[in-house]
Amino acid sequence: MSKNVIWTPQPKQAIFLSRWEDEVLFGGSAGGGKSDAMVIEPLRQVHIPHFKALIVRKTFPELSELIDKSRLYYTRAFPRARYNSTSHTWHFPSGAKIRFGSLTSGVTQYQGQAFDEILIDELTHLTFQEYDYLRSRNRPNGPGTDVHMRCTANPGGVGHGFVKARWQIGQIEPMTTIHEDVVWTENGQERHKDMTRIFVPSSVWDNKALIENDPGYVARLASLNEADRNALLYGDWNSWTGQCFTEFKNLSAHYEDRQWTHVINPFKIPDHWQIWCGYDHGYSRPFAVIWAAMAPEERRGAGSRMYIIKEYYGCTGTPNEGVKMEPARIAEEIKRIEDADPNLHGKRILRVGDPAIWGTQTGESVGTMMERQRVYFEKGDNNRLQGKMQIHHRLAFDDDGVPMLYFFRDCRHMIRTLPELVYDERAGHPEDIDTNGEDHLYDALRYLAQRFPVTPPLKQIEPVKAFDPLSNDTAMRLDKYDFYRRF
């Protein structure tokens, strides 16, 4: 390599740098060269005087690696470029700027600002609302710049669900351009714009330089716990550390026999089964209504096996955005659904709801407004940790592969959101889920689970043999220490 060459992209990095779409997501697993590509990408436009770029992480300390890389590359490529450590901004000879920023003070700190290019490292650490707000800051500061969003991500985090859905990961082949027809009204006329995005996958095997410099890196990823190994080594978007309900299974091959899966084919509910409805209220955030059939003859502990047979989710289609429907209208729609659905029509339906709907701080309560439409709820138990454990108990399989909780495959939003819930990383909330995620259908399910508690299945547990360093058992000693010698 010539001594004048500062950095050469590897094949997947070159693809990322060459993409033309409005939004590009790069990565999927660890070690794919995301950080280098993220720092190099905005250099393509620093010859334009009015160009401004923003490189973002959720918190500022997480930016340290990227800033270190910028010091390595930028000063060698542009000796006259200067870094201001107070504003965290690079100033280039042309007048262009690259700024490092975080969301520690919230997204509104960027209100009124414009960035020709916004680059977000580890997008899954952000909520959709944060990402959407940053997109509103993505506009030109003058003519001739490429205006776009560039992101990297690994599976996991509070934003996992929206990232997976927005780039249709697992639904379409990677490297497929997604087209979205954006429509607005201007001067009384309808306008259209084709907005595009693409997912460029990258893994450690695409980063030959890393493997050559650190031959043991792949082995270290392979030695991680199963969830981390699947996510960080293989880029599996269905398994990651921090995922709350890891026991949830959706296996279409077992929809009919109902073994080792929680998602099943719909069936006619017997007339003698009791029907319950769970409700979590929302206005600017989605509301969630679910209907459960309780099988009285299938019991574990104090409760019946629960089948979630229908859902009504008040979401606009944008993650975690509610439809702003008045409670009376929601009640009317609940009655219409119960009259139209064959498994609900003519049944006596009991309901349990979010206890907050009886709050009167802002006037008449939501519960009262719904009761006026003859839709009645009893107050749900809002003990979050007990409710969560009840869902864990119901999701657990017995020795025959049968859980105490099933979902009809038509309940697509529940099936989508439940496995994407993550633990809350804030201090003091180690066992609760992160409420910044789409937890509304989960909350409705939690009220039902608390209403009908069950005990976890009893399983045969093999006793663990304690390690004895003085034992003559060679196999035991090798099992304990051979791992460290190999690495």
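See the structure printed just above.
Below is a summary of the structure that appears in this document. (Residues numbered from 1 in each chain as written. Predicted model: local features only at pLDDT ≥ 70, side-chain atom pairs only at ≥ 80, totals over all residues. Heavy atoms only, no water.)

## Some remarks on the overall build of the chain
Stage number 1. A count of helical and extended segments in the chain gives 14 helices and 16 strands.
Stage number 2. Over its C-alpha atoms, taken along the principal directions, the chain stretches across nearly 85 × 80 × 40 Å.
Stage number 3. Burial status across the chain gives 49% buried among its 487 residues.
Stage number 4. If you take every contact in the chain between residues at least 6 apart in sequence, the share linking residues at least 24 apart comes to 68%.
Stage number 5. When the 60 basic and 65 acidic side-chain charges of the chain are each reduced to a single mean position, those positions are 3 Å apart. (Helix = DSSP H or I, 4+ residues; strand = E, 2+ residues; numbered from the N terminus. Buried < 20%, exposed > 50% of the residue type's maximum accessible area, 1.4 Å probe, protein only. Contact = heavy atoms within 4.5 Å. Lys, Arg positive; Asp, Glu negative; His and termini not counted. Charge placed at Lys NZ, Arg CZ, Asp CG, Glu CD.)

## A look at the side chain of Gln-45
Stage number 1. Examined against the element boundaries, Gln-45 turns out to sit in the loop between helix H2 (34-40) and strand E2 (52-57).
Stage number 2. Residue Gln-45 is classed as buried on the basis of its relative accessible area, which comes to 3%.
Stage number 3. Setting aside residues no more than four positions away along its own chain, Gln-45 makes contact with Phe-51, Glu-117, Thr-145, Asp-146 and His-148.

## A few points about the packing of aromatic side chains
Stage number 1. A complete count under the given rule lists 23 aromatic pairs for this structure.
Stage number 2. Residues Phe-128 and Phe-162 carry aromatic rings whose centres are separated by 5.3 Å and whose planes lie at 75° to one another, so their mutual orientation is edge-to-face. Taken as a pair, Phe-128 in helix H4 (residues 128-136) and Phe-162 in helix H5 (residues 160-166) lie far apart in primary sequence, 34 residues in all.
Stage number 3. Joined through ring pairs, the aromatic side chains of Tyr-74, Phe-78, Tyr-83, Trp-90 and Phe-92 make up one cluster.
Stage number 4. The positively charged end of Arg-258 is found above the aromatic ring belonging to Phe-267, 4.3 Å away from the centroid.
Stage number 5. Looking at Arg-451, its charged tip hangs above the ring of Phe-452, at a distance of 5.3 Å from the centre. (Phe/Tyr/Trp six-rings, centres within 6.5 Å; stacked < 30°, edge-to-face > 60°. Lys NZ or Arg CZ within 6 Å of the ring centre and 35° of its normal.)

## Some remarks on helix H3 (residues 64-77)
Stage number 1. With 14 residues, H3 should reach 20 Å at 1.5 Å per residue; the first-to-last C-alpha distance of 20 Å fits that figure.
Stage number 2. The set of residues buried in H3 consists of Leu-66, Ile-67, Lys-69, Ser-70, Tyr-73 and Tyr-74. (Expected span 1.5 Å × (residues − 1).)

## Looking at the nonpolar core
Stage number 1. Residues Trp-291, Ile-308, Phe-407 and Leu-445 are the most contacted members of the largest nonpolar core, which totals 64 residues.
Stage number 2. If you look at the next biggest cluster of nonpolar residues, it comprises 30 residues, including Trp-7, Phe-26, Val-39 and Ile-198. (Core = buried A, V, L, I, M, F, W, Y, C linked by side-chain atoms within 4.5 Å.)

## Notes on the environment of Cys-277
Stage number 1. Locating Cys-277 in the fold gives a position in strand E11 (residues 274-280).
Stage number 2. Put simply, Cys-277 and Tyr-447 are 170 residues apart on the chain and 9.6 Å apart in space, counted from C-alpha to C-alpha.
Stage number 3. Those residues in contact with Cys-277, other than ones at most four positions away along the chain, are Val-289, Ile-290, Trp-291, Ile-349, Leu-350, Arg-351, Val-352, Phe-377 and Leu-448.

## A short note on the pairing of strand E14 (residues 349-353)
Stage number 1. Among the 5 residues that make up E14, 4 are buried, leaving the element largely enclosed by the rest of the structure.
Stage number 2. Of the strand pairs in this sheet, E11 and E14 are connected by 5 bridges, and their pairing is parallel. The residue of E14 that forms the bridge with Gly-278 is Val-352.
Stage number 3. Relative to strand E15 (residues 378-379), E14 runs parallel, the two being bridged by 2 bridges. Across the sheet, the residue bridging to Val-352 is Glu-378, located in E15. (Pairing = 2+ DSSP bridges.)

## Structural notes on the packing of helix H11 (residues 384-395) against helix H13 (residues 440-451)
Stage number 1. Contact geometry of H11 with H13 gives a least axis separation of 8 Å together with a crossing angle of 85°. Classified by the interaxial angle, the pair formed by H11 and H13 is roughly perpendicular. Contacts between H11 and H13 involve Arg-384, Gln-386, Gly-387, Lys-388, Gln-390 and Ile-391 on the former and, on the latter, Tyr-442, Asp-443, Leu-445, Arg-446, Ala-449 and Gln-450.
Stage number 2. Class assignment of the residues belonging to the contact of H11 with H13 gives a composition of 4 nonpolar, 4 polar and 4 charged. (Axes fitted to C-alpha atoms, helices over the stretch in contact; angles between N-to-C directions. Parallel < 35°, antiparallel > 145°, perpendicular 65-115°, else oblique. Nonpolar A, V, L, I, M, F, W, Y, C, P; charged D, E, K, R; others polar.)

## Some thoughts on the side chain of Asp-22
Stage number 1. Note on placement: Asp-22 falls in the loop between helix H1 (11-18) and strand E1 (23-28).
Stage number 2. Buried and unpaired, Asp-22 has no salt bridge, with Lys-193 as the nearest side chain of opposite charge at 4.6 Å.
Stage number 3. Reaching out from Asp-22, the side chain makes a polar contact with the backbone nitrogen of Thr-196 at a distance of 2.8 Å.
Stage number 4. Those residues in contact with Asp-22, other than ones at most four positions away along the chain, are His-148, Met-149, Arg-150, Asp-194, Met-195 and Thr-196. (Salt bridge = Lys/Arg side-chain N within 4 Å of Asp/Glu carboxyl O. Polar contact = N/O pair within 3.5 Å; in protein donor to acceptor, adjacent residues only side chain to side chain.)

## Thoughts on helix H8 (residues 226-233)
Stage number 1. All of the buried residues along H8 are Ala-227, Asp-228, Asn-230, Ala-231 and Leu-233.
Stage number 2. The elements touched by buried residues of H8 are E1 and helix H7 (217-222).
Stage number 3. With its phi angle positive at about 65°, Gly-235 sits one or two positions after the end of H8.

## Regarding the sheet that holds strand E3 (residues 82-84)
Stage number 1. Spatial strand order, E3-E4-E5-E2-E6-E7-E1-E9-E8: 9 strands in an open sheet with mixed pairing. Each end of this open sheet is capped by a strand with a single partner; those strands are E3 and strand E8 (178-186). The mean angle between the axes of side-by-side strands here comes to 15°, regardless of whether they run parallel or antiparallel.
Stage number 2. As defined by bridge partners, strand E4 (residues 89-91) adjoins strand E5 (residues 97-102) across 3 bridges and the pair is classed as antiparallel. Of the residues in E5, the one forming a bridge with His-91 is Lys-97.

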